[in-house]
Structures are given as C-alpha cells and as structure tokens.
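Residues per chain are reported as follows:
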Amino acid sequence: VRGAHVNAAETSMHLLAHIRPSRLHTQLFKRSLKAPSSATFSSFGASKGSGPMLNRKLGCQGFGASVAAMTSFPPQRYHYFLVLDFEATCDKPQIHPQEIIEFPILKLNGRTMEIESTFHTYVQPVVHPQLTPFCTELTGIIQDMVDGQPTLSQVLERVDEWMAKEGLLDPSVKSIFVTCGDWDLKLMLPGQCEYLGLQVADYFKQWINLKKAYSFAIGTWPKNGLLDMNKGMSLQHIGRPHSGIDDCRNIANIMKTLAHRGFIFKQTSRRI
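If you're wondering where the values come from, they're calculated on a predicted model, not measured in any experiment.

Engineer: For the confidence of the model for the chain, give the residues involved together with the corresponding values.
Structural biologist: Across the chain, pLDDT averages 81, with 74% of residues at or above 70. The model gives residues 3-70 a pLDDT under 50, and that stretch makes 120 contacts with residues more than four places away or in other chains.

Engineer: Provide a residue-level description of the pairing of strand 6 (residues 206-209), including the pertinent values.
Structural biologist: It is a general feature of regular strands that their side chains alternate between the two faces of the sheet. Two strands pair when backbone bridges link them, and strand 5 (residues 175-179) and strand 6 are joined in this way by three bridges, in the parallel orientation. Directly across from Phe-177, in strand 6, lies its bridge partner Trp-207. Note on the crossover from strand 5 through helix 7 (residues 183-196) to strand 6: the handedness is right-handed. In this sheet, strand 7 (residues 269-270) lies alongside strand 6 in antiparallel orientation, the contact comprising two bridges.

Engineer: Describe in detail the packing of aromatic side chains, supporting the description with residues and values.
Structural biologist: Considering all chains together, one arrives at ten aromatic pairs under this definition. Ring geometry for Phe-119 and Trp-162: centres 5.9 Å apart, planes at 55°, overall tilted. One end of the pair, Phe-119, is in strand 4 (residues 115-122); the other, Trp-162, is in helix 6 (residues 152-165), and 43 residues separate them in sequence. Across the pair, Trp-162 and Phe-119 agree in class, each one buried. An aromatic cluster of three or more residues is present, and its members are Phe-86, Phe-103, Phe-119, Trp-162, Phe-177, Tyr-203 and Phe-204. Stacked on the ring of Tyr-80, the Lys or Arg Lys-107 has its end atom at 4.4 Å from the ring centre. Across the ring face of Tyr-78, the terminal group of Lys-174 is positioned such that the distance to the ring centre comes to 4.9 Å.

Engineer: Lay out the nonpolar core in plain terms, naming residues and giving numbers.
Structural biologist: One finds Phe-81, Leu-210, Met-255 and Phe-265 to be the most contacted residues of the largest nonpolar core, which totals 29 residues. When residues of this core are assigned to their parent elements, the largest contribution, eight residues, is made by helix 10 (residues 244-260). Those residues in contact with Met-255 that lie beyond four places of it in its chain are Phe-81, Val-83, Leu-108, Met-113, Val-178, Leu-210 and Phe-265. Counting residues in hydrophobic clusters, the runner-up holds 27 residues, among them Phe-86, Trp-162, Met-163 and Phe-204.

Engineer: An account of unusual backbone geometry is requested, with residue identities and associated values reported.
Structural biologist: Of note, the amide linkage connecting Lys-92 to Pro-93 takes the cis form, showing an omega dihedral of -5°. Tracing the backbone through its elements, the reader meets Pro-93 in the loop between strand 2 (87-88) and strand 3 (100-109). Going from His-96 to Pro-97, the amide bond is cis rather than trans, its omega being -5°. Phi angles above zero are rare outside glycine, and Ser-234 is one such case at about 55°.

Engineer: Quick rundown of the side chain of Asn-209? Include the residues and the values.
Structural biologist: Along the polypeptide, Asn-209 turns up in strand 6. Looking at Asn-209, the relative accessible area reads 0%, which means it is buried. Within polar-contact distance, the side chain of Asn-209 engages the backbone nitrogen of Gly-181 at 3.0 Å.

Quick notes on the rules
- Residues numbered from 1 in each chain as written.
- Predicted model: local features only at pLDDT ≥ 70, side-chain atom pairs only at ≥ 80, totals over all residues.
- Heavy atoms only, no water.
- pLDDT = per-residue confidence, 0-100.
- Contact = heavy atoms within 4.5 Å.
- Pairing = 2+ DSSP bridges.
- Helix = DSSP H or I, 4+ residues; strand = E, 2+ residues; numbered from the N terminus.
- Right-handed = clockwise from strand over helix to strand, strands pointing away.
- Phe/Tyr/Trp six-rings, centres within 6.5 Å; stacked < 30°, edge-to-face > 60°.
- Buried < 20%, exposed > 50% of the residue type's maximum accessible area, 1.4 Å probe, protein only.
- Lys NZ or Arg CZ within 6 Å of the ring centre and 35° of its normal.
- Core = buried A, V, L, I, M, F, W, Y, C linked by side-chain atoms within 4.5 Å.
- Polar contact = N/O pair within 3.5 Å; in protein donor to acceptor, adjacent residues only side chain to side chain.

Structure follows, in structure tokens:
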C-alpha cells in the first residue's frame, strides 16, 4: 500500500522515460559476464569488468537473452540486499496516521542473488486497530491476521535481533535495504515512528529504490511499479499484488534478473 501523496523525487524520475542510454560496446558487455561466479568482494564491488558504463547501458544489450545462459555476473557493491515492502492501514479517503500491518524482509545474497533468510510478521495497529474493508480487499490481510500480533515497537526490536543473528550488524558486512519506491523508508516508517515516539535505526536511513535502478538499467520509468518491471523483462508476477511478502519476492526476482545481465546496484535514496 503506498501513500496518497506522490513523492516529488519519484515524480522527477519520470523524465528518465525520455532518455535512452547510448550503446555500450558489445565486447565490453560480454567481457563483464565472464567474471567468475566465485569472485569475492573487492572494495565492495570495485571489480574488473564492471564499470559505470555497464551499469547504465543495459537497455541496449539484448535484454531478452536467457538468464539461464548467463552462469556468472559481475560482483555487487553489497554483500547483502535486504528487500522490504510494507503494507499499511488504508481507506478512501485515506486514514491518518497510516500504520504498518505487514513487515517482510528478504535477505538476498549479493554474490548469488539468492534468498538466504526471511523476516516476516504481521503487525497490530494501535491507533486504528480495526482494518477497513478497503484495506482487506486491497492487501488480502484480514482482521485475524493482525489481532494479537506484535506492535511496531516490538517488531522493530525483533528486526534488530534478526539483523544481529544474520550478521548484518557486523561493520565489515555491507548491506542495504531495497524497496519498490521511496514511500516505505522515506515516509511510512519514519512517519509512524515519529507519531509513536520511536527511534528509526540507522540501517533504515539509506536504501535502493528499485524503480530508479530499473530506469537506470532500461531507460524507461515503470509507472505501474512491479507490474511494469515484470512485463518489461518478461517475468511472471509472483503471488498476489499488494501482499508484502509476495511483493518482496517479485522485487528479489527482478533484482536477480538485472544482476545476471550485468547491472550493478547502487544506493539511490537517503533520509536526512
């Protein structure tokens, strides 16, 4: 569920739809795909054969090629990507404040782009504890799924425990959150935390907006988010739209496809 207000930073990215990347020499693209799959992280992704040109020009490199045929790809800048997609209370007209009711995270290995671990819980809203029919219809989340679940304060403690257990708080491990848009970590989480008087952990303050990454790679802005990105890469949509955990699986699948085709993910957004 996304907020009713259109983020200005995202709106400006629509200009990318009118910019087509220039062609990258085919041999450079082929050389980049010969990087050994066992390549280790060097300065977090500063590897041979993967440069900024490759990162910008994927839209012109035979993007319909089979992923299965690409058995190796350039190493990423991050050891792990933490794919996140909130669902929140909602109605028409929109209720305030919105509250997170589903909190999923997938831990994606930056070298293999495979899912290694999952954090997933539903969340009990406290300001408007009763879900609206509109919210249930949109998200598929029914009242029984949030009743008796931990509050956001408790969930954030559990996220921190999970991050520690997974080794993600180790200063030598470089990880970053990935969302479909800026709403989750720029507006939703900080807004609810401010309302409830909760602190936002530093690891939530920088992230990759998959819409921006996709537009950098392909040269067009995905107006309809995951649906457009899946269609643009001939991927089957996974699960139910507006299910947080299913949206995370779609994000991970899109990222894996882009990575197999040579795209290097970079941070796109930061909360000041």
